[in-house]
Protein chains: 2
Amino acid sequence: MKIYIAQQNYHIGNFRENTRKMIEAIDAAKRQKADLVVFSELSVCGYPPRDFMEFQDFIDQCYAVVDEIRQHADSIGVIVGAPHRNPREEGKDLFNAAWFLYENEVKAIVHKTLLPTYDVFDEYRYFEPAFEWNVIPFRGERLALTICEDIWNLGDNPLYRICPMDQLMPQQPTLMINVSASPFDYDHDEDRKEVIRQNVRKYQLPMIYCNAVGSQTEIVFDGGSMVCDASGQLVKELRYFEEDYWLADTEQLRADAAVAAPVSAHLDKDMRVSKVSDPSAILPYLTKTDNIAQIHQALLLGIRDYFSKMGFTEAILGSSGGIDSAVTLALACEALGPKHVLAVGMPSMYSSAHSVSDAELLSRNLGNRFELIPIKGVYDAFLEALKPQFGDLPFGLAEENIQSRSRGNLLMSLANKFGYILLNTSNKSELATGYGTLYGDMAGGLSVLGDVYKTQVFALARYINRFGEVIPENIITKPPSAELRPGQKDSDSLPEYEVLDPVLYQYIERRKGVKELVALGLDEALVSRILKMVNRNEYKRNQFCPIIRVSAKAFGVGRRLPIVANY
Amino acid sequence: MKIYIAQQNYHIGNFRENTRKMIEAIDAAKRQKADLVVFSELSVCGYPPRDFMEFQDFIDQCYAVVDEIRQHADSIGVIVGAPHRNPREEGKDLFNAAWFLYENEVKAIVHKTLLPTYDVFDEYRYFEPAFEWNVIPFRGERLALTICEDIWNLGDNPLYRICPMDQLMPQQPTLMINVSASPFDYDHDEDRKEVIRQNVRKYQLPMIYCNAVGSQTEIVFDGGSMVCDASGQLVKELRYFEEDYWLADTEQLRADAAVAAPVSAHLDKDMRVSKVSDPSAILPYLTKTDNIAQIHQALLLGIRDYFSKMGFTEAILGSSGGIDSAVTLALACEALGPKHVLAVGMPSMYSSAHSVSDAELLSRNLGNRFELIPIKGVYDAFLEALKPQFGDLPFGLAEENIQSRSRGNLLMSLANKFGYILLNTSNKSELATGYGTLYGDMAGGLSVLGDVYKTQVFALARYINRFGEVIPENIITKPPSAELRPGQKDSDSLPEYEVLDPVLYQYIERRKGVKELVALGLDEALVSRILKMVNRNEYKRNQFCPIIRVSAKAFGVGRRLPIVANY
């Protein structure tokens, strides 16, 4: 049997466009004489639709798309992802389902059993787990069709009490098909292959794995759909971070399997925490080139999809001559084209001479427009307006924040006037410690580096320069500074990033507390200070824009902490 | 048997303070010769602890508190709420548990079965449902101890497949005890009583119901713990919106039951949507005095607890002479005391003459400090700085937003300089339609009115004036205006609030789509326009501060929609 794998990028709620894409793929599959087309999880509406699942009208529209696709599923089988209304009196209103369409009929509807409800996932909020499991007979094959997380319990995952493939095996399937929306993070990039191999080894069946691709607000789906023969041999890996298609031949798969050797593999039991535990291994791990190269691709896709799906083309950002704005700018120019990115230098009396010249040189290298708007007039006007209240009180945090917010306001004014989206340039280390100004440098519609630690930002800069200098060397080598008061350096307020980042990683990605970190040999005062900074600044992160997620634990929807708390 | 109900207000993660409070109550119970003290759900750490449940150190600290409480549970039984680590290999790491402590030992640990995972609740993210159900024998009684949602399925709630009380009944309990953290909203304020009555009628057992009180970031727990005899008679209702204690006597309960008549009641099957469906009934329902009086109490508690639990005492807000800031200011003065609230008038060239005089009169009535900071200088400085870019382009949205952000920046500067928390004054109708400026009037640490529709804000103003004029009549009667350009009125950009609010209620609280609303007789163009406004502005709400929740569906953690979407 010939199976056409369609790895596509959907737009949540954009039923017309998603339908057009799927029908185009069905037509291509027909031209290639495919027996079956496979689309990814919830392909009809895009994943994750979140609370749209609670709107009957949204579900009605999903049904209408399934109906339209059904008209095209004549002589070809089609597997699409769409919610299915629970016909029983028992259980929640919906199932997360894969619909098998053929001969212009709905031949089978498979319900997802394992509903991820952790990190960025909330499936138990919307869906009822499957009540029953049935193999689908089709043209001589017996399809064991499962949805994403369903293959992530091999019987030993403590999150779940059921193993869907175990339920299906008594019905003697001949082929596993899994339709997924499995997101990227650099901590778990190899897990998916391992899970597929483990399933193949356990059940001795070939696997067709169709994943979604594309960025959905903060979550990046990286594609990389796979075909594995019954011996565990990876026959095909589709492209990462872009749409791709492939025609798999099950006859060929079985022929290949005969000569391939079995593959041995081990599956991590808990995917919810990151893997690196040895403290001295963290920094090299965070900055290793493989991870940085993947992060680079994920960020480009994240920027590109945010703009195209929101219907914008033009970006603006503040270019301070520092490393964060330089890396953000370079990524934006690569993602959107330099003609679509405006960099604005906004020096104050505390800005160093090199801040403007470095930023100008950067934009010359990148070929994007650079404008200069000094903030002195605005800053002075604020101080003048506040003179009756501020009186002779000494310069302090308020005055620093006024500078930062003046810049935020200038950028937003340009964005409002000319239709730019403001890209935020804060990094994960700053967001963690609250080293940023609400409505100032924390302003923006999309955070590019909010899931990238400062030490990783430096590595990204080096990576961007891998073919020659794009980001001027001076931007990479000068000591980081917010330049909000004379001679200020980040290290006045924060530990050195080489010390800070591994502690943050332990706390955020691995959820270690003070005692656990001290037991690892870290200094108690340092650790307490850092963890308190992180907890105290939850209120700032709560008002932050979406962050392109690249790690196992990003700030935002995947990390939910009370703002009013004392811990 | 005598049971001491302790309805307390906990601080999430503040283990020392929570422990002190509970021990104080145990001592009081002992003095009153109680046999048993009952605390609410997760009393040890406060509810909801959210992702703190993923930190081993946090769980360790919960265990340490249980251990300390155990030392005081000598001759008296104590029921405390705390997470319990799952000792099995199967299932998630934790149970949401009620610990029964007596004779300085842990005598029993009851696990929650029904884990609410909708609206503001995420329990399935953290907890495994109970595997087993056991009655606790204690001093002649047989206690059927359940946790919150466990009594919300009487066998016909489609959200759940298990009914915990049905599991317990074969063990012949004599008394139901339910420990809860059940939040307030004006749409469901009577449901709790109905559920308790229904349980009592079904199982013919008296019920001791202990609820939490206090505001946790956005969620307001309203107390109102109850004691019901076996006939369904409500014997005692503890206070709402404040801490309270009561000693129930089970002998007395049984004596009372003999003479009381059975109560008939009906339980709504789905608590996830609001109740009012008749379009013409919505506006009277939103503004009826009972609801407004409850909202008033909830907002006062919400403000008070936000400040006390964050460790702040002083509030600041912009006072424009409009109704939203007037109601916010009156509530802040009542919650924190007028000496702790600074109102700032920030007129521009587009402000009406009455805007400042009305605001001044309001502060005279309330007795709080009022200061005036004209924004013309700051606004002009922004336009001057932007002249090279803006050139001769006509006045527009960018210039309006500059005014709003200048005000936001001035308020934040004062907040930073003097340690105020900025109270946000946006209402739910504005937030829904995106009629507000990010980093401008949308700035602030806490939103007081973000879950109160504009028509309800007017009703709140009338309610605040119930004993005499606090909010000047002119503030209530003048047409709403943002005053960002000459002669501007809200009605230039938005439908009249009497038309807008019921449609918003249908969409937000009842999740109705365009087709469903048109079927109710509403104009399609109007409805489409309003729903598009709501959807298009998700990105603004995503950067908004916590909102004190008073309705069945508030913006914020309880409503989760994708930002990048097309629906």
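In this text, all values refer to a predicted model and were calculated from it rather than measured experimentally.

1. What to know about the overall build of chain A
For step 1, the next point in the chain: Of regular secondary structure, chain A possesses 19 helices and 19 strands.
For step 2, the next point in the chain: Computed over the C-alpha atoms, the radius of gyration of chain A is 26 Å, within 12% of the 24 Å expected from 2.2 N^0.38 for a compact globule of 567 residues.
For step 3, the next point in the chain: With 567 residues in all, chain A has 58% of them scored as buried.

2. Quick look at the domain arrangement of chain A
All names here are of chain A.
For step 1, the next point in the chain: When cut into domains, chain A gives domain 1 (2-259) and domain 2 (288-490 + 538-542).
For step 2, the next point in the chain: Summarising the inter-unit geometry, the C-alpha centres of domain 1 and domain 2 are found 40 Å apart.
For step 3, the next point in the chain: Counting residues at the interface gives 9 residues for domain 1 and 10 residues for domain 2.
For step 4, the next point in the chain: Elements that contribute at least two residues to the side of domain 1 that touches domain 2 include exactly strand 10 (213-216) and strand 11 (219-222).
For step 5, the next point in the chain: Classifying every residue of the side of domain 1 that touches domain 2 gives 4 nonpolar, 3 polar and 2 charged.

3. Concerning the packing of helix 7 (residues 289-310) of chain A against helix 8 (residues 323-336) of chain A
Residues and elements named next belong to chain A.
For step 1, the next point in the chain: For the pair helix 7 and helix 8, the least separation of the axes is 9 Å and the interaxial angle reads 60°. By the angle between their axes, helix 7 is oblique relative to helix 8. Along this stretch, helix 7 crosses helix 8, giving a crossing that reads as right-handed. Contacts from Leu 299, Leu 300, Ile 303, Arg 304 and Phe 307 in helix 7 reach Leu 331, Ala 332, Glu 334, Ala 335 and Leu 336 in helix 8.
For step 2, the next point in the chain: Tallied by class, the residues present in the contact of helix 7 with helix 8 amount to 8 nonpolar, no polar and 2 charged.

4. Some remarks on the confidence of the model for chain A
Do not read the fine detail of predicted coordinates wherever pLDDT is low.
For step 1, the next point in the chain: Chain-level statistics for chain A give a pLDDT mean of 95 and a share of 97% at 70 or above.
For step 2, the next point in the chain: Interface confidence in the predicted complex, given as ipTM, is 0.95; pTM for the same model is 0.96.

5. Some points on the relation of the copies chain A and chain B
For step 1, the next point in the chain: You can overlay chain A on chain B at an RMSD of 0.0 Å; the transform is a turn of 180° with a shift of 0.0 Å along its axis. Put plainly, the chains are arranged around a two-fold axis. Ranked by how close their C-alpha atoms come to the rotation axis, the residues of chain A are headed by Gln 543 of chain A, at 2.1 Å.

6. Brief notes about the nonpolar core
For step 1, the next point in the chain: In this structure, Val 37 and Val 38 of chain A together with Val 37 and Val 38 of chain B are the most contacted members of the largest nonpolar core, which totals 375 residues.
For step 2, the next point in the chain: Each residue touching Val 38 of chain A, except ones within four places of it in the same chain, is listed here: Ile 3, Ile 5, Ala 6, Ile 79, Ile 177, Val 179, Ile 208 and Cys 210 of chain A.

7. Section: the environment of Ala 482 of chain A
Residues and elements named next belong to chain A.
For step 1, the next point in the chain: Checked against the element boundaries, Ala 482 lands in the loop between helix 14 (473-477) and helix 15 (490-493).
For step 2, the next point in the chain: Residue Ala 482 is classed as buried on the basis of its 22 C-beta neighbours within 10 Å.
For step 3, the next point in the chain: As for Ala 482 and Lys 540, which are separated by 58 residues in sequence, their C-alpha atoms are 18 Å apart.
For step 4, the next point in the chain: Ignoring sequence-local partners within four residues, the contact set of Ala 482 consists of Gln 488 and Asp 490.

8. Observations concerning the interface of chain A and chain B
For step 1, the next point in the chain: Contacts between the two partners involve 78 residues from chain A and, on the opposite side, 79 residues from chain B.
For step 2, the next point in the chain: Among the secondary structure elements, those contributing two or more residues to the side of chain A that touches chain B are helix 2 (56-72), helix 7, helix 10 (376-390), helix 11 (397-418), helix 17 (514-519) and helix 19 (538-542) of chain A.
For step 3, the next point in the chain: Sort the elements by how many residues they give to the side of chain A that touches chain B and helix 11 of chain A lands first, with 13 residues.
For step 4, the next point in the chain: A per-class count over the side of chain A that touches chain B returns 39 nonpolar, 20 polar and 19 charged.

9. Observations regarding the sheet that holds strand 3 (residues 77-85) of chain A
All names here are of chain A.
For step 1, the next point in the chain: On the basis of which strands lie adjacent, the open sheet formed by 6 strands has the order 5-4-3-2-1-14 and mixed pairing. Among the strands making up the open sheet, the edge pair consists of strand 5 (105-111) and strand 14 (244-249). Strand-to-strand twist across the sheet, computed as the mean angle between neighbouring axes with direction ignored, equals 30°.
For step 2, the next point in the chain: One ladder, built from 8 bridges, connects strand 3 with strand 4 (residues 94-102); its direction is antiparallel.

10. Considerations on the environment of Leu 494 of chain B
For step 1, the next point in the chain: Positionally, Leu 494 of chain B belongs in the loop between helix 15 (490-493) and helix 16 (497-508).
For step 2, the next point in the chain: Setting aside anything within four residues of it in sequence, one finds Leu 494 of chain B in contact with Thr 433, Tyr 435 and Leu 500 of chain B.

11. Considerations on unusual backbone geometry
All names here are of chain A.
For step 1, the next point in the chain: Between Tyr 47 and the following residue, Pro 48, the backbone shows a cis peptide bond with an omega angle of 0°.
For step 2, the next point in the chain: Examined against the element boundaries, Pro 48 turns out to sit in the loop between strand 2 (36-38) and helix 2.
For step 3, the next point in the chain: In this model, Arg 50 sits at a positive phi of 50°, which is unusual for a non-glycine residue.
For step 4, the next point in the chain: For Glu 483, which is not glycine, the phi dihedral falls at a positive 50°.
For step 5, the next point in the chain: With respect to the helices and strands, the residue Glu 483 is situated in the loop between helix 14 and helix 15.

12. Some points on helix 13 (residues 454-464) of chain A
For step 1, the next point in the chain: In terms of burial, helix 13 of chain A is a largely internal element, 8 of the 11 residues being buried.
For step 2, the next point in the chain: Buried residues belonging to helix 13 of chain A abut helix 6 (279-287), helix 7, helix 8, helix 12 (428-433), helix 14 and helix 16 (497-508) of chain A.

13. Overview of the sheet that holds strand 6 (residues 136-138) of chain B
All names here are of chain B.
For step 1, the next point in the chain: Overall, mixed pairing links the 6 strands, which are arranged 6-7-8-9-12-13 in an open sheet. Looking at strand neighbours, the two that pair on one side only are strand 6 and strand 13 (234-237), the edges of this open sheet. Geometrically, the sheet is characterised by an average inter-axis angle of 20° between neighbouring strands, direction not taken into account.

14. Some remarks on helix 11 of chain A
Residues and elements named next belong to chain A.
For step 1, the next point in the chain: Taking 1.5 Å of rise per residue, the 22 residues of helix 11 would be expected to cover 32 Å, and the 32 Å separating its terminal C-alpha atoms lies within 8% of that figure.
For step 2, the next point in the chain: Of all the 22 residues making up helix 11, 17 are buried; the element is thus mostly covered by neighbouring parts of the structure.
For step 3, the next point in the chain: Of the residues one or two after helix 11, Gly 419 is the one with positive phi, at around 80°.

15. Let's talk about the packing of helix 6 of chain A against helix 16 of chain A
Residues and elements named next belong to chain A.
For step 1, the next point in the chain: Packing of helix 6 against helix 16 brings their axes to within 9 Å, and their N-to-C directions diverge by 105°. It follows from the interaxial angle that helix 6 and helix 16 lie roughly perpendicular. Where helix 6 approaches helix 16, its residues Pro 279, Ile 282, Leu 283 and Leu 286 are matched on the opposing element by Glu 498, Asp 501, Pro 502 and Tyr 505.
For step 2, the next point in the chain: Residue composition of the contact of helix 6 with helix 16, grouped by class: 6 nonpolar, no polar and 2 charged.

16. Quick word on the pairing of strand 4 of chain A
Residues and elements named next belong to chain A.
For step 1, the next point in the chain: Of all the 9 residues making up strand 4, 8 are buried; the element is thus mostly covered by neighbouring parts of the structure.
For step 2, the next point in the chain: The pairing of strand 4 with strand 5 spans 6 bridges and is antiparallel. Residue Phe 100 lies in a different strand from strand 5, and its bridge partner there is Ala 108.

Parameters at a glance
- Residues numbered from 1 in each chain as written.
- Chains lettered and ligands numbered in written order.
- Predicted model: local features only at pLDDT ≥ 70, side-chain atom pairs only at ≥ 80, totals over all residues.
- Helix = DSSP H or I, 4+ residues; strand = E, 2+ residues; numbered from the N terminus.
- Rg over C-alpha atoms; globule rule 2.2 N^0.38 Å.
- Buried ≥ 20, exposed ≤ 12 C-beta atoms within 10 Å, placed from the backbone.
- Domains from an automatic or database assignment.
- Contact = placed C-beta atoms within 7 Å.
- Nonpolar A, V, L, I, M, F, W, Y, C, P; charged D, E, K, R; others polar.
- Axes fitted to C-alpha atoms, helices over the stretch in contact; angles between N-to-C directions.
- Parallel < 35°, antiparallel > 145°, perpendicular 65-115°, else oblique.
- Left-handed = near helix turned anticlockwise from the far one by under 90°.
- pLDDT = per-residue confidence, 0-100.
- Least-squares fit on C-alpha atoms with pLDDT ≥ 70 in both.
- Core = buried A, V, L, I, M, F, W, Y, C linked by C-beta atoms within 7 Å.
- Pairing = 2+ DSSP bridges.
- Expected span 1.5 Å × (residues − 1).

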